[in-house]
Amino acid sequence: MPQPPPTQARRVVLFFAVTLAIITYVDRVCISQAAPAMQEDLGLTKIQMGYAFTAFGWAYALFEIPGGWLGDRIGPRKVLMRVVGMWSLFTVATGWAWNLWSLVVSRFFFGMGEAGCFPNITKAFTNWFPAAERVKAQGILWLSARWGGAFTPLIVGWMLASGGEGKFGLGLHYRWVFLIFGLLGVVWALSFYRWFRDHPKDHPAVNAGELAVIGETQHAGDHSMPWGKLLASRTVWMLWAQYFFMSYAWYFYITWFPTYLKEQFTGMGDMQRALLACVPLFFGGIGSILAGLLSARLDVWLGSIARTRRWLGVLGMGAAGLMLLISMQLHTPVASVLAIGLAALCSDLAMPGAWGACMDVGGRHTGALSGSMNMMGQVGGAIAPMAVPLVLAATNNNWTVNMGIFALSYFLGAICWVFIKSDERLHE
């Protein structure tokens, strides 16, 4: 009697991951669009609003490792249900803040919750996907995350914009926007917890054929925080460093890029700038999915997954730095922004490989390793928004210096990839 074909339950896992990535970036980015109205309602200065942004950034960085370690210890099912519920609650609380400190506290707890997201998705991928499919899954994940962030300003702008008199908008108060986005997260958390299991062998929708395709992914043993192994590994140090440098440059796209457009290209209208502000994240998503789709073929050509990740990292981040330097020589808005978009595309060629390396190198410590890597990235992402205005103040508002620093950061990240061996195993 012929055996039934393998089930495809892991595709549902990918669906949950993709929808969560979109919700994550929507919840994270929407505050930038609502910020002017929030400042007016709460009587906040730009510096005070910056405290709220900073509270999120540092909480996100500080709780990456605890969130990843907890996923290793009790499984991503319980962790993701709790952290998504937590940050959804504080997404709603953000809209209903009544003064500076209530806003700062809300954003801090929001960042604490979101810190557990991507390390635990990565842990779930480690358990549910065979090694050959993991980079592709990460590529699809980061495409969704980037595009969720790219289109959020336009979506939130439409929700906030007043309708009537030929204008296109819902005219909602920002409080209701945060409430709607927060409720989306609650629905996701309940649906995920009901369907998902930490290991495919425990799920009734997975048959023996799919288990054979996935292979043995359950790592038994000690799940305590492996500080000794992490600190002793050159590959781990280089993974941390490349993600720090990548994030330092990348945070420009979601923080100061709209200001850069406004000051460098004064002849554009608000809608033109809003559309151009979508370009880096949109192109970054293309880079992520390209890396995921091309990796399997490159593995055959280059002879190993580790070589593929290394070359995508070196060439991708090196090309990103070069494109930023080229963008500074282009004086028309569209040409310059397209070059910046290509920089984002090239840098994101390294993104799926970085998270794939965490899965392969980390093994049963995947959550801890990916959490620590993302923590280092968020440190870079927290420093960059503070460094940019300081550099502008010291250089008479010269954006060229900042762009040069971002390019240098990409070049340093490319050098780090030369020394990363993603076929190393911490648990061996």
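Our subject is the structure listed above.
Source: prediction; values computed, not measured.

**Overview of the overall build of the protein chain**
And then number 1: Looking only at helices and strands, the protein chain features 19 helices and zero strands.
And then number 2: In terms of C-alpha radius of gyration, the protein chain reaches 21 Å, essentially the compact-globule figure of 22 Å for 428 residues.
And then number 3: Oriented by its inertia axes, the alpha-carbon framework of the protein chain measures out at about 70 × 45 × 40 Å.
And then number 4: Buried residues in the protein chain amount to 55% of all 428 residues.
And then number 5: Contacts spanning at least 24 positions in sequence make up 82% of the contacts within the protein chain whose residues lie at least 6 apart.
And then number 6: Of the roughly 17,900 Å² that the protein chain leaves accessible, carbon and sulfur atoms contribute 69%.
And then number 7: Charge-centre separation for the protein chain: the mean point of 29 positive side chains lies 3 Å from the mean point of 21 negative side chains.

**Regarding a nonpolar patch on the surface**
And then number 1: On the surface, Leu322, Leu325, Ile326, Leu330, Leu408, Phe411, Leu412, Ile415, Val418 and Phe419 cluster together into a nonpolar patch covering about 770 Å² of accessible area.
And then number 2: Mapped by element, the contributors of at least two residues to the nonpolar patch are helix H15 (305–327) and helix H19 (399–418).
And then number 3: Here the nonpolar patch takes five residues from H19, the largest share from any one element.
And then number 4: Secondary-structure assignment places Phe411 in helix H19.

**Comments concerning the layout of surface pockets**
And then number 1: The space that makes up the largest pocket amounts to roughly 2,200 Å³.
And then number 2: Contributing elements (two or more residues each) for the lining of the largest pocket: helix H1 (9–42), helix H2 (46–62), helix H7 (131–160), helix H11 (234–254), helix H12 (257–264), helix H13 (270–277) and helix H18 (366–394).
And then number 3: Looking at which element gives the most residues to the lining of the largest pocket, the answer is H2, with ten residues.
And then number 4: Of the residues in the lining of the largest pocket, the class split is 30 nonpolar, eleven polar and seven charged.

**A word on the packing of aromatic side chains**
And then number 1: Enumeration over the complete set of coordinates arrives at 37 aromatic pairs.
And then number 2: Consider the rings of Phe63 and Phe108, whose centres lie 6.3 Å apart with planes at 85 degrees: the pair is edge-to-face. In this pair, Phe63 is assigned in the loop between H2 and helix H3 (64–74) and Phe108 in helix H5 (residues 100–114), connecting sequence segments 45 residues apart.
And then number 3: Take Phe63: its relative accessible area is 27%, and that puts it in the partly exposed class.
And then number 4: The exposure class of Phe108 is partly exposed, given its relative accessible area of 28%.
And then number 5: Relative to Phe178, the ring of Tyr174 has its centre 6.5 Å away and its plane inclined at 85 degrees; by these criteria the two rings are edge-to-face.

**Comments concerning empty space enclosed by the protein**
And then number 1: The tally for this structure, following the rule as stated, stands at three cavities of 30 Å³ or more.
And then number 2: Lining the largest cavity are 14 residues, with Tyr25, Arg146, Tyr243, Trp250 and Gln378 positioned closest to its centre.
And then number 3: Of all elements in the fold, only H1, H7, H11 and H18 reach the threshold of two or more residues within the lining of the largest cavity.
And then number 4: Here the lining of the largest cavity takes five residues from H11, the largest share from any one element.
And then number 5: If you add up the space inside the second largest cavity, you get close to 60 Å³.
And then number 6: Every residue along the wall of the second largest cavity is listed here: Val13, Phe16, Ala17, Leu20, Leu80, Ile121, Ala124, Phe125, Trp188, Phe192 and Phe196.
And then number 7: Within the residue set of the lining of the second largest cavity, elements represented by two or more residues are H1, helix H6 (117–128) and helix H8 (174–195).
And then number 8: The dominant element in the lining of the second largest cavity, judged by the number of residues it contributes, is H1, at four residues.
And then number 9: When the residues that make up the lining of the second largest cavity are grouped by side-chain class, the tally is eleven nonpolar, no polar and no charged.

**Structural notes on the pattern of salt bridges**
And then number 1: Under the criterion given, the structure shown has eight salt bridges.
And then number 2: Arg11 serves as the salt-bridge partner of Glu133, at 3.6 Å between the closest nitrogen and oxygen. With Glu133 in helix H7 and Arg11 in helix H1, this residue pair connects regions lying 122 residues apart in the sequence.
And then number 3: The class of Arg11 is partly exposed, set by a relative accessible area of 38%.
And then number 4: Salt-bridge contacts for Asp360 lead to Arg309; the nearest nitrogen and oxygen are separated by 3.0 Å. Within this pair, whereas Asp360 is found in helix H17 (residues 351–362), its partner Arg309 is found in helix H15, the two being separated by 51 residues in sequence. Of the two residues, Asp360 and Arg309, both sit in the buried class.
And then number 5: Three or more residues are tied together by salt bridges with common partners; here these are Arg10, Arg11, Glu133 and Glu210.

**Section: H18**
And then number 1: Counted at 1.5 Å a residue, the expected span for H18 with its 29 residues is 42 Å, and the 42 Å between its end C-alpha atoms agrees.
And then number 2: Approximately 25 degrees is the largest bend angle found in H18, and it occurs at Ala384, with the proline Pro385 only one to four residues beyond.
And then number 3: Residue Asn396 follows H18 closely and has a positive phi angle near 60 degrees.

Rules and cut-offs
- Residues numbered from 1 in each chain as written.
- Predicted model: local features only at pLDDT ≥ 70, side-chain atom pairs only at ≥ 80, totals over all residues.
- Heavy atoms only, no water.
- Helix = DSSP H or I, 4+ residues; strand = E, 2+ residues; numbered from the N terminus.
- Rg over C-alpha atoms; globule rule 2.2 N^0.38 Å.
- Buried < 20%, exposed > 50% of the residue type's maximum accessible area, 1.4 Å probe, protein only.
- Contact = heavy atoms within 4.5 Å.
- Areas by Shrake-Rupley, 256 points an atom, 1.4 Å probe, with all protein chains shown as cover.
- Lys, Arg positive; Asp, Glu negative; His and termini not counted.
- Charge placed at Lys NZ, Arg CZ, Asp CG, Glu CD.
- Patch = residues over 30% accessible without salt bridge, like charges linked within 9 Å, V, L, I, M, F, W, Y side chains within 5 Å.
- Salt bridge = Lys/Arg side-chain N within 4 Å of Asp/Glu carboxyl O.
- 1 Å grid on protein atoms, 1.4 Å probe; cavity = no way out; pocket = protein on both sides within 12 Å on 5 of 7 lines; lining within 4 Å.
- Points joined across faces, edges and corners; volume = space filled by probe spheres on them.
- Nonpolar A, V, L, I, M, F, W, Y, C, P; charged D, E, K, R; others polar.
- Phe/Tyr/Trp six-rings, centres within 6.5 Å; stacked < 30°, edge-to-face > 60°.
- Expected span 1.5 Å × (residues − 1).
- Bend = angle between axes of the 7 residues up to and from the residue.

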